[in-house]
Amino acid sequence: MESEFADINLSAVAGAIADPARARMLCVLLDGRARTATELAAAADIGASTASSHFQRLRDQGLVEMAVQGKHRYYRLASGDVGHALEALLVVAGADRAPFKPTTPSALRDSRTCYDHMAGTLAVQIHDAMLARHWLTPDGRDYLLTPLGEASLAQVGVDAAQARQRRRRFACACLDWSERRSHLGGALGAALLDALLARGWISKDLDSRALRITAKGERQFPAFFGLAGDQPAAQRDAHAAA
């Protein structure tokens, strides 16, 4: 039955993309980062009230989803399939898209705590590496720790069994406010931060939420997590407060 309505469904999706303001907002989201309604409205050069109806149309067609982080609400592409379709349309249109340029000072992006777990550029890289290495697998809005992941994290002192006993979500994606992509939250994220502090790979600033990557951490992070290349020099002296 679905195939009988494929042309109608395609027309509805194409109609949602066809509006210039909505197309602009979708292109802004192509880098995988989330944006606030205000940011997307500004990018499309439209007012907030007009943007609201556009967001609803895009959500109705399954093109974007809303992520709630504390008091903030962000919009991002609903899936990788949406991104691939938009990329293909951009090729047909012969258009280039501008890369994401964060306005947050570099010292605030590199490494810091978010409540009781790691945040910032390094934390996002670790999150992505754990998924790529199949240490974590998505489970709805949460993550499952695979046997490989549990054994690997145990090497740096993470006690997953103990983390599971805590009365909170075990492992989940936490949207990073500076990177606009996810880092690892939940009890597992807290346990990982504690383990990395105990091993001396990172250290806490005395009077802020800043984290500093130590010389030992500079050597060990790329090798253990499979991070590509060296970490930015700014991360070694980050003094960021979340």
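In this text the structure is predicted, and so the values were computed from the model without any measurement.

**Regarding the confidence of the model for the protein**
Part 1: In the predicted model, the protein carries a mean pLDDT of 85, and the fraction of residues at 70 or more is 86%.
Part 2: Between the elements of the protein, mean pLDDT differs from a low of 58, seen in helix α6 (residues 106-109), to a high of 98, seen in helix α8 (residues 147-154).
Part 3: Counting contacts from residues 230-242, a segment whose pLDDT is below 50, to residues more than four positions away or on other chains yields 36 contacts.

**Brief notes about helix α11 (residues 215-225)**
Part 1: For α11, the set of buried residues is Gly217, Phe221, Pro222, Phe224 and Phe225.
Part 2: Considering only its buried residues, α11 is in contact with α7 (121-132), α8, α10 (186-198), β10 (202-204) and β11 (211-213).
Part 3: Positive backbone phi, at 70°, marks Gly226, one or two positions downstream of α11.

**Things to note about the environment of Ala173**
Part 1: Within the secondary structure, Ala173 sits in strand β8 (residues 172-175).
Part 2: As for Ala173 and Gly186, which are separated by 13 residues in sequence, their C-alpha atoms are 8.1 Å apart.
Part 3: Contact partners of Ala173, with chain neighbours within four places excluded, come to Arg141, Tyr143, Ser182 and His183.

**Things to note about the sheet that holds strand β3 (residues 72-77)**
In a beta sheet, neighbouring strands are held together by backbone hydrogen bonds and run either parallel or antiparallel to one another.
Part 1: Spatially, the three strands line up as an open sheet ordered β1-β3-β2, and their pairing is antiparallel. Two strands close off the open sheet at either side, each with one partner strand: β1 (35-36) and β2 (64-69).
Part 2: Summarising the sheet, β1 and β3 pair through two bridges and their orientation is antiparallel. Note on β3: the bridge partner recorded for Arg35 is Tyr75.
Part 3: Relative to β2, helix α4 (residues 48-60) is tilted by about 110°, and along the sheet it contacts β2 and β3.

**Points about the packing of aromatic side chains**
Part 1: Scanning the model with the defined rule gives seven aromatic pairs in all.
Part 2: Seen from their ring centres, Phe55 and Tyr75 are 4.3 Å apart, and the 15° between their planes marks the pair as stacked. Taken together, the residues Phe55 in helix α4 and Tyr75 in strand β3 connect sequence positions 20 residues apart.
Part 3: Between Phe221 and Phe225, the ring centres sit 6.1 Å apart and the planes meet at 20°, which makes this aromatic pair stacked. Here Phe221 pairs with Phe225, and both are found in helix α11, just four residues apart, close to one helical turn.
Part 4: Exposure remark for Phe221: the relative accessible area of 0% places this residue in the buried category.
Part 5: By way of ring pairs, the aromatic residues Trp135, Trp201, Phe221, Phe224 and Phe225 are connected into one cluster.

**Focus: the state of the cysteines**
Part 1: Across all of its chains, the model carries zero disulfides by this definition.
Part 2: Cys114 provides the cysteine sulfur closest to Cys174, a residue in no disulfide bond, and the two sulfurs are 4.0 Å apart.

**Observations concerning the side chain of Ser182**
Part 1: Turning to its location among the elements, Ser182 is positioned in strand β9 (residues 182-185).
Part 2: Setting aside anything within four residues of it in sequence, one finds Ser182 in contact with Arg76, Val124, His127, Ala173, Cys174, Leu175 and Asp176.

**Some points on empty space enclosed by the protein**
Part 1: In this structure the tally under the stated criterion is one cavity of 30 Å³ or more.
Part 2: Estimated volume of the largest cavity: approximately 60 Å³.
Part 3: As for the largest cavity, its lining consists of His117, Met118, Ala123, Ile126, His127, Leu184, Gly189, Leu192 and Leu193.
Part 4: Each residue belonging to the lining of the largest cavity can be placed in one class, and the counts come to six nonpolar, three polar and no charged.

Reading guide: rules and limits
Residues numbered from 1 in each chain as written. Predicted model: local features only at pLDDT ≥ 70, side-chain atom pairs only at ≥ 80, totals over all residues. Heavy atoms only, no water. pLDDT = per-residue confidence, 0-100. Helix = DSSP H or I, 4+ residues; strand = E, 2+ residues; numbered from the N terminus. Contact = heavy atoms within 4.5 Å. Buried < 20%, exposed > 50% of the residue type's maximum accessible area, 1.4 Å probe, protein only. Pairing = 2+ DSSP bridges. Axes fitted to C-alpha atoms, helices over the stretch in contact; angles between N-to-C directions. Phe/Tyr/Trp six-rings, centres within 6.5 Å; stacked < 30°, edge-to-face > 60°. Disulfide = S-S within 2.5 Å. 1 Å grid on protein atoms, 1.4 Å probe; cavity = no way out; pocket = protein on both sides within 12 Å on 5 of 7 lines; lining within 4 Å. Points joined across faces, edges and corners; volume = space filled by probe spheres on them. Nonpolar A, V, L, I, M, F, W, Y, C, P; charged D, E, K, R; others polar.

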